[in-house]
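Residue-level structure breakdown
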Amino acid sequence: MLEQLILEMFDKQMIKFGEFTLKSGKTSYIYADIRTAISYPPIFRTLCQLLATKLDSLKYNHICGVPYSALAFASAIAYDQQIPMLLKRKEAKGYGTKKILEGIYNPNDNCVIIEDVVTTGMSITETTTVLEDERIIVSDIVCFLERNQGGRENLASRGYTLHAITTLIDVIEILFGNQRISAAERQLALASIN
């Protein structure tokens, strides 16, 4: 299932090769544009199903998607699995309740963070900070793709456990093994991770 999904994502140009600058400021020869899955319902559904399987062994009262890329995934999973969701805004509303965190919760509730891609974990900590300021416990992060660039270690140093469906190295090897990329592209992609 995962290998076929990776190949379909590559064929839909959701996984691209070239020169890219990541949010972290690092440059990379490979880019995973997972958020475009919303335009491909079968791929989107499969991604949500895979992410949901990671929730089975975790303790939580809520899930929360990292804005904006993971909001669609968290929303679909919450709806399908009947899980209460919290929504962390990029910025507090300037009107009404002026909240930065939407949803119904209590202190000491547990929340699992949903993310599409983890590079350094920086965008995740922006979300965990808001949740923890509300005395919500965050222990686990579920993502589709870990880029093998320190995100898991950075999150672990803050007390969070990352549960990834796959890693960037595995994606590169799947694409190479299925003749979607050349040996030269494989080397450039692997080199840009290190």
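Calculation criteria
Residues numbered from 1 in each chain as written. Predicted model: local features only at pLDDT ≥ 70, side-chain atom pairs only at ≥ 80, totals over all residues. Heavy atoms only, no water. 1 Å grid on protein atoms, 1.4 Å probe; cavity = no way out; pocket = protein on both sides within 12 Å on 5 of 7 lines; lining within 4 Å. Points joined across faces, edges and corners; volume = space filled by probe spheres on them. Helix = DSSP H or I, 4+ residues; strand = E, 2+ residues; numbered from the N terminus. Nonpolar A, V, L, I, M, F, W, Y, C, P; charged D, E, K, R; others polar. Pairing = 2+ DSSP bridges. Contact = heavy atoms within 4.5 Å. Axes fitted to C-alpha atoms, helices over the stretch in contact; angles between N-to-C directions. Phe/Tyr/Trp six-rings, centres within 6.5 Å; stacked < 30°, edge-to-face > 60°. Buried < 20%, exposed > 50% of the residue type's maximum accessible area, 1.4 Å probe, protein only. Lys NZ or Arg CZ within 6 Å of the ring centre and 35° of its normal. Disulfide = S-S within 2.5 Å.

Our next topic: the layout of surface pockets. Empty space among the atoms becomes apparent when a probe as large as a water molecule is rolled across them. In this structure, the largest pocket spans a volume of roughly 450 Å³. What lines the largest pocket is a set of 24 residues, and nearest its centre among them are K23, R35, D116, V117 and S123. Here the lining of the largest pocket gets four residues from one element, more than from any other, and that element is strand 6 (residues 110–118). Among the residues forming the lining of the largest pocket, the class breakdown is 11 nonpolar, six polar and seven charged.

Taken in spatial order, the six strands line up as 5-4-3-6-7-8 in an open sheet, and their pairing is mixed. This sheet does not close on itself; its edge strands, each paired only once, are strand 5 (101–102) and strand 8 (161–167). As defined by bridge partners, strand 4 (residues 85–88) adjoins strand 5 across two bridges and the pair is classed as antiparallel. Paired with L87 across the two strands is E102, which belongs to strand 5. Seen against the sheet, helix 4 (residues 122–133) touches strand 3 (62–65), strand 4, strand 5, strand 6 and strand 7 (137–146) and runs at an angle of roughly 165° to strand 6.

Counting across every chain of the model gives four aromatic pairs. Seen in terms of ring centroids, F10 and F17 are 6.1 Å apart; in terms of plane orientation they differ by 65°. Their pairing is edge-to-face. Classification of F17 by relative accessible area gives buried; the value is 19%. A cation sits over an aromatic face here: R186 above F176, 5.2 Å from the ring centre.

For the rest of this paragraph, the subject is the pairing of strand 2 (residues 27–32). Pairing analysis gives five bridges linking strand 1 (residues 15–21) to strand 2, with the strands arranged antiparallel. When the bridges of strand 2 are listed, K16 appears paired with Y31. Between strand 1 and strand 2, which pair antiparallel and follow one another directly, the connecting turn spans five residues, one of which, G25, has a positive phi of 95°.

Glancing now at the state of the cysteines. Under the counting rule described, the total for this entry stands at zero disulfides. Free cysteine: C64, not disulfide-bonded; nearest cysteine sulfur from C111 at 5.0 Å. Classification of C64 as buried rests on a relative accessible area of 0%. Take C143: it sits in no disulfide, and the sulfur closest to it among the cysteines is that of C48, at 14 Å. The exposure class assigned to C143 is buried, which follows from its relative accessible area of 0%.

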